[in-house]
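# Geometric and topological summary
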Amino acid sequence: MYNGRHKSPDLVTAWTPAQAPPAFEGRGVQTLAPIQGGKLTWTAADGGATGTLTASVLSTDEVERAFDRLAELKVASADYSMHLGEAWRAGLFRQLDNLLDVDEFDFTDDMPTVESFRTFLRLIIHNQVKRRPGLGATADGVIIASWTQDRDRLTVECLPNDTIRWVAVKYLGDGERISSASISKAAHLREFLAPFSPATWFG
Amino acid sequence: MAKVTTLDDEHHILRYVPWQRLRKDEDNNVIGFNPQAFELRVKDGVREEYLSAAWVEFHRADSLGENVRQTVAAFAGNMTVKASTRFALGNVGRVREVCAAHKQKVRISHEPVPGFDAHASVRQFNSDDQNLLELLAMEAWAEMVAPP
């Protein structure tokens, strides 16, 4: 079964077998069923056996929305470029490209919002963060910034209006696990994390 | 209505985790799950009533590995599973234990739904507790399974 999403410039016109996704190469796609619910059903001769294959198809709307949102996020970062540094910003852009990769992103979620991203940028700047976090997103489009150092983890949800929800976990020398979670303003995170030695994560 | 059965402590549950809830490092390498992978979703202002997963031993294979393989296949028959998707595997007893330590007496049950016979639910679960979500993501429900 092919379960990857396949980008097509034209999702209205029924595809021909020659336009099959790469996963179907050499599998002898024979017939196509009509597009229904964003899916294409393929009948294929695969190694002599005939089966029905289902391919989930990206709508052009999803591709365009992801492209537009990616552009909006990158433009929003321009307001803070003098604080971020060129290399940091280039690395951040690679991470945004990765997060919003249309072949990977689950479009049943909302896309990361610009409001959340602005909180993320201010979190980075006000807390003098040198080390880029990993990036993720919640189902409702809130950016997740995460720092991981061995078993010590810091996870921050960047809510609109400079508000963050965070949870920190650190293992002490004797193996004892300490953790803390709270909601605060982005600018003050380093102060709240003082007992956890935030340089472990922020550099 | 399909029969709902409480799952045994020694059994396992598997949860789908989308790309954007995977934990990554600054170079985009996938290194685990974010706590939000175990958060009840809010859609159109309504929060999910339970956490969805699949009961791994439903398939009654001879090994845990084969049961997991068949469960992943069951997900793939029910939804789009891309190469980047990961699944979180957890022991039912351990998940119950960790939730209980956070004052949550969760109900983990086999609760089949149309088109997904292995479906399981984690009910009476409050996902507002970030410390609990972190513990699930890091230890109790943290074994990562990739699609074939």
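Residues numbered from 1 in each chain as written. Chains lettered and ligands numbered in written order. Predicted model: local features only at pLDDT ≥ 70, side-chain atom pairs only at ≥ 80, totals over all residues. Heavy atoms only, no water.

Turning our eyes to something else, we now look at the interface of chain B and chain A. Across the contact, 33 residues belong to chain B and 43 residues belong to chain A. Considering only the side of chain B, the residues that lose the most area to chain A are Gln20(B), Glu26(B) and Lys82(B), jointly responsible for 21% of the buried surface there. Summed over the shared surface of chain B and chain A, the result is seven salt bridges. Residues Arg177(A) and Glu139(B) are paired through a salt bridge, measuring 3.8 Å at the closest nitrogen-oxygen approach. Where chain B packs against chain A, one counts 23 residue pairs in polar contact (both at pLDDT 80 or more). Those elements giving two or more residues to the side of chain B that touches chain A turn out to be β3 (22-24), β4 (30-33) and α3 (130-140) of chain B. Ranked by residues supplied to the side of chain B that touches chain A, first place goes to α3(B) with seven residues. Residues belonging to the side of chain B that touches chain A are distributed by class as follows: twelve nonpolar, eight polar and 13 charged. (Contact = heavy atoms within 4.5 Å. Buried area = accessible area lost by both parts, 1.4 Å probe. Salt bridge = Lys/Arg side-chain N within 4 Å of Asp/Glu carboxyl O. Polar contact = N/O pair within 3.5 Å; in protein donor to acceptor, adjacent residues only side chain to side chain. Helix = DSSP H or I, 4+ residues; strand = E, 2+ residues; numbered from the N terminus. Nonpolar A, V, L, I, M, F, W, Y, C, P; charged D, E, K, R; others polar.)

Owing to its 3.6 residues per turn, the α-helix aligns residues three or four sequence positions apart on the same side. With 14 residues, helix α3 (residues 86-99) of chain A should cover 20 Å at 1.5 Å per step; its first-to-last C-alpha distance of 20 Å lies within 8% of that length. For α3(A), the set of buried residues is Trp88(A), Gly91(A), Leu92(A), Gln95(A), Leu96(A), Asn98(A) and Leu99(A). Looking straight down α3(A), one finds that the buried residues subtend no more than 160 degrees of arc, so they occupy a single side. For α3(A), the exposed residues lying more than 90 degrees away from the buried face are Glu86(A), Ala87(A) and Arg94(A). Of the surrounding elements, those touching the buried residues of α3(A) are α1 (60-78), α2 (81-84), α4 (114-126) and β4 (134-137) of chain A together with β3 of chain B. (Expected span 1.5 Å × (residues − 1). Buried < 20%, exposed > 50% of the residue type's maximum accessible area, 1.4 Å probe, protein only. Arc of directions from axis to C-beta.)

A word on the pairing of strand β2 (residues 12-17) of chain B. All names here are of chain B. Taken across its six residues, β2 has six buried, putting it largely inside the fold. Direction of pairing for β2 relative to strand β8 (residues 86-91): antiparallel, over a ladder of six bridges. Of the residues in β8, the one forming a bridge with Ile 13 is Gly 90. (Pairing = 2+ DSSP bridges.)

For the structure on display, the rule yields 21 salt bridges over all chains. Between Arg21(B) and Asp109(A) there is a salt bridge, and its shortest N-O distance comes to 2.5 Å. Taken together, the residues span two chains, with Arg21(B) in the loop between β2 and β3 and Asp109(A) in the loop between α3 and α4. Its salt-bridge partner being Asp152(A), residue Lys170(A) comes within 3.5 Å of it at the nearest N-O pair. Of this pair, Lys170(A) sits in strand β7 (residues 163-171) while Asp152(A) sits in strand β6 (residues 152-158), and the two are 18 residues apart along the sequence. Take Lys170(A) and Asp152(A): they sit in the same class, and that class is buried. Here the salt bridges share partners, and the residues they tie into one network are Arg177(A), Arg94(B), Glu97(B) and Glu139(B).

What follows concerns the sheet that holds β4(A). In any sheet, the strands associate via hydrogen bonds between backbone groups, in a parallel or an antiparallel arrangement. Residue and element names in this part refer to chain A. Pairing is antiparallel across the open sheet formed by five strands, whose spatial order is β4-β5-β6-β7-β8. Across the chains shown, the open sheet's two edge strands, defined by having one partner strand only, are β4 and β8 (177-185). Going from strand to strand, the sheet's axes swing by 15 degrees on average, the running direction of each strand aside. Note that β4 and strand β5 (residues 143-149) share four bridges and pair antiparallel. Note on β5: the bridge partner recorded for Gly 134 is Ser 146. (Axes fitted to C-alpha atoms, helices over the stretch in contact; angles between N-to-C directions.)

Looking now at the packing of α1(A) against α3(A). Residue and element names in this part refer to chain A. Orientation of α1 relative to α3, taken along the N-to-C sense of each, is 160 degrees, at an axis distance of 10 Å. Comparing their axes, α3 and α1 come out roughly antiparallel. The two elements α1 and α3 meet at a crossing, and its hand is right-handed. Contact residues: Leu 70, Leu 73, Lys 74, Ser 77 and Ala 78 in α1; Arg 89, Phe 93, Leu 96 and Asp 97 in α3. In terms of residue class, the contact of α1 with α3 is made up of five nonpolar, one polar and three charged. (Parallel < 35°, antiparallel > 145°, perpendicular 65-115°, else oblique. Left-handed = near helix turned anticlockwise from the far one by under 90°.)

Right, let's get into the sheet that holds β8(B). All names here are of chain B. In space, the seven strands of this open sheet follow the order β1-β9-β10-β7-β2-β8-β11, with antiparallel pairing throughout. Every other strand in the sheet has two partners, leaving β1 (5-6) and β11 (143-145) as the edge strands with one partner each. Two strands pair when backbone bridges link them, and strand β9 (residues 107-110) and strand β10 (residues 119-123) are joined in this way by four bridges, in the antiparallel orientation. Looking at the pairing, Ser 109 lines up with Ser 121 of β10. Each of β2, β7 (51-55), β8 and β11 touches helix α1 (residues 64-76); the most contacted strand, β2, lies at about 40 degrees to it.

Residue and element names in this part refer to chain A. Relative orientation of the contacting elements α1 and α4 amounts to 35 degrees, with a least axis distance of 10 Å. Crossing of α1 over α4 shows right-handed handedness. In this structure, α1 uses Arg 69, Glu 72, Leu 73, Ala 76 and Ser 77 to contact α4, whose residues at the interface are Val 114, Phe 117, Arg 118 and Leu 121. Here the contact of α1 with α4 is composed, by residue class, of five nonpolar, one polar and three charged.

This part is about the packing of aromatic side chains. Residues and elements named next belong to chain A. Applying the stated criterion to the full structure yields eleven aromatic pairs over all chains. When the ring of Phe 196 is compared with that of Trp 201, the centres are 6.5 Å apart and the planes differ by 35 degrees; the resulting orientation is tilted. Residue Phe 196 shares its accessibility class with Trp 201, and that shared class is buried. Over the face of the ring belonging to Tyr 171 we find Arg 151, whose NZ or CZ atom lies 3.8 Å from the ring centre. Just above the ring of Trp 201 sits the side chain of Lys 170; from NZ or CZ to the centre is 5.6 Å. (Phe/Tyr/Trp six-rings, centres within 6.5 Å; stacked < 30°, edge-to-face > 60°. Lys NZ or Arg CZ within 6 Å of the ring centre and 35° of its normal.)

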